[in-house]
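Listed below, chain by chain, are the residues.
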Amino acid sequence: MPHFAVITGASSGIGAEFARQLSAQGYDLMLVARRRGRLQQLAAELPCACEIFPADLSQTTECSRLLQALEQRRVDLFVNNAGFGECGCFLETDLQKELEMLDVNVRALHILTKGILQKMQRQGSGALLNVGSSAGLLPAGPYMATYYATKSYVVSLTCAAAEELRSRGSSVYVGCLCPGPVDTEFNKVANVRFALPGISAAYCVRCALAGMRRHKTVIVPGPLMAAGMAMSHLVPRGVLIRMAEYQQKRKISR
């Protein structure tokens, strides 16, 4: 019987690429996102048994509905990918959009992480990947304050859960993918007015799957970004904050 994977935020970008690569590896899939049309289009392209599950995960009831739909099914892999960002001065960004970001990036991820890990623990095995960001490994993010804060939550929660699972000798794996810039729709949704060079979604997902096979808790795609994250722990926090703020201001002014 084929393995079964569930991917949230599957309608585009990293989520859609997970669907393509897992399908090529023989997984059957459930694709979860708000945009039904996008999900239907992607499902039609994939050479596997593929279900779509339209849902707005900013709503707690929709998270519960997804968990209920999976209650009687074995889930081998769950990719918690749904999320978005917002760029701008914290004093000026839209509060409602930030609260929606907290609902998706933090609350929905928390609900699904807990529910799926409990399910996998009962199964006796399984793997869950939370899609975070290199932003979650850095000390601050001027002009993307809320987004950086949400991704710090994702990294912290994942690392703590992973250590707890290890301490009880569990066969369940949980890890966190922390890419830098990736060429997706993220910048458009986040109103980013600058663009740093990004890796492809395909490369990002290949690195993620390779890191999962090695049971890495934190997966940082690409040697340059991984080296940068390592260096960030050697540079004083205040210096990093000032450097980040200067770079953001310079790019926004262009």
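What counts as what
Residues numbered from 1 in each chain as written. Predicted model: local features only at pLDDT ≥ 70, side-chain atom pairs only at ≥ 80, totals over all residues. Heavy atoms only, no water. 1 Å grid on protein atoms, 1.4 Å probe; cavity = no way out; pocket = protein on both sides within 12 Å on 5 of 7 lines; lining within 4 Å. Points joined across faces, edges and corners; volume = space filled by probe spheres on them. Helix = DSSP H or I, 4+ residues; strand = E, 2+ residues; numbered from the N terminus. Nonpolar A, V, L, I, M, F, W, Y, C, P; charged D, E, K, R; others polar. Pairing = 2+ DSSP bridges. Contact = heavy atoms within 4.5 Å. Axes fitted to C-alpha atoms, helices over the stretch in contact; angles between N-to-C directions. Expected span 1.5 Å × (residues − 1). Buried < 20%, exposed > 50% of the residue type's maximum accessible area, 1.4 Å probe, protein only. Patch = residues over 30% accessible without salt bridge, like charges linked within 9 Å, V, L, I, M, F, W, Y side chains within 5 Å. Areas by Shrake-Rupley, 256 points an atom, 1.4 Å probe, with all protein chains shown as cover. Salt bridge = Lys/Arg side-chain N within 4 Å of Asp/Glu carboxyl O. Polar contact = N/O pair within 3.5 Å; in protein donor to acceptor, adjacent residues only side chain to side chain. Right-handed = clockwise from strand over helix to strand, strands pointing away. Parallel < 35°, antiparallel > 145°, perpendicular 65-115°, else oblique.

1. Section: empty space enclosed by the protein
Scanning all chains against the criterion turns up two cavities of 30 Å³ or more. Of the volumes computed, that of the largest cavity is approximately 50 Å³. Lining of the largest cavity is provided by Glu-86, Gly-88, Cys-89, Phe-90, Thr-93, Glu-98, Met-101, Tyr-143, Met-144, Ala-145, Thr-146 and Tyr-147. Only helix H4 (95-123) and helix H5 (145-167) provide two or more residues apiece to the lining of the largest cavity. The leading source of residues in the lining of the largest cavity is H5, at three residues. Residue composition of the lining of the largest cavity, by class: seven nonpolar, three polar and two charged. Considered as a void within the structure, the second largest cavity measures approximately 30 Å³ in volume. Looking at the second largest cavity, the residues that line it are Thr-8, Leu-57, Asn-80, Ala-82, Val-104, Ala-108, Leu-109 and Leu-112. Looking at which element gives the most residues to the lining of the second largest cavity, the answer is H4, with four residues.

2. What to know about the sheet that holds strand E1 (residues 4-8)
Strand order in the open sheet formed by seven strands is E3-E2-E1-E4-E5-E6-E7, with parallel pairing between adjacent strands. Of all the strands in the sheet, the pair left with one neighbour each is strand E3 (50-54) and strand E7 (218-219). Bridge analysis of E1 against strand E2 (residues 28-33) gives five bridges, and the strand direction is parallel. Residue pairing in the sheet places Phe-4 in a bridge with Asp-28 of E2. The sheet contacts of H4 involve E1, strand E4 (77-80), strand E5 (126-131) and strand E6 (172-177), and relative to E5 the element is tilted by about 170°. Across the sheet, H5 is in contact with E5, E6 and E7; its angle to E6 comes to roughly 155°.

3. What about helix H1 (residues 13-24)?
Helix length check: H1 (twelve residues) gives 17 Å between terminal C-alpha atoms against 16 Å at 1.5 Å per residue, within 8%. A large share of H1 lies buried, amounting to nine of its twelve residues. Residues of H1 that are buried include every one of Ile-14, Gly-15, Ala-16, Glu-17, Phe-18, Ala-19, Gln-21, Leu-22 and Ser-23, and no others. In the segment just after H1, Gly-26 is the residue with positive phi, at about 100°.

4. What to know about a nonpolar patch on the surface
The grouping of Leu-95, Leu-99 and Leu-102 at the surface amounts to a nonpolar patch, some 260 Å² of accessible area in total. Structurally, Leu-102 can be placed in helix H4.

5. Notes on the environment of Thr-158
Locating Thr-158 in the fold gives a position in helix H5. With 60 residues separating them in the primary sequence, Thr-158 and Val-218 have C-alpha atoms 8.6 Å apart. Apart from the residues within four sequence positions on either side, Thr-158 is in contact with Asn-130, Val-174, Gly-175 and Cys-176. At a separation of 3.0 Å, a polar atom in the side chain of Thr-158 contacts the side chain of Asn-130.

6. Looking at the pairing of E3
One ladder, built from five bridges, connects E2 with E3; its direction is parallel. Residue pairing across strands places Ala-33 opposite Pro-54, the latter belonging to E3. For the crossover that starts at E2, traverses helix H2 (residues 36-45) and ends in the parallel E3, the hand is right-handed.

7. Topic: the packing of H4 against H5
Contact geometry for H4 and H5: axes closest at 9 Å, N-to-C directions at 10°. Taken together, the axis directions place H4 and H5 in an arrangement best described as roughly parallel. Residues Glu-98, Met-101, Leu-102, Asn-105, Val-106, Leu-109, His-110, Thr-113, Leu-117 and Gln-121 of H4 touch H5, and the partners they reach there are Thr-146, Tyr-147, Thr-150, Lys-151, Tyr-153, Val-154, Leu-157, Ala-161 and Leu-165.

8. Thoughts on the pattern of salt bridges
Per the stated rule, a full pass over the model turns up seven salt bridges. With its nearest N and O atoms 2.6 Å apart, the salt bridge here joins Arg-73 to Glu-51. One end of the pair, Arg-73, is in the loop between helix H3 (60-70) and E4; the other, Glu-51, is in strand E3, and 22 residues separate them in sequence. With relative accessibility at 28%, the residue Arg-73 sits in the partly exposed group. For the salt bridge of Arg-107 with Asp-103, the shortest nitrogen-to-oxygen distance reads 2.9 Å. Placement of the pair is Arg-107 and Asp-103 together in helix H4, with a separation of four residues, close to one helical turn. Owing to a relative accessible area of 41%, Arg-107 belongs among the partly exposed residues under this scheme.

Remember that the coordinates give geometry; whether it matters functionally is a separate question.
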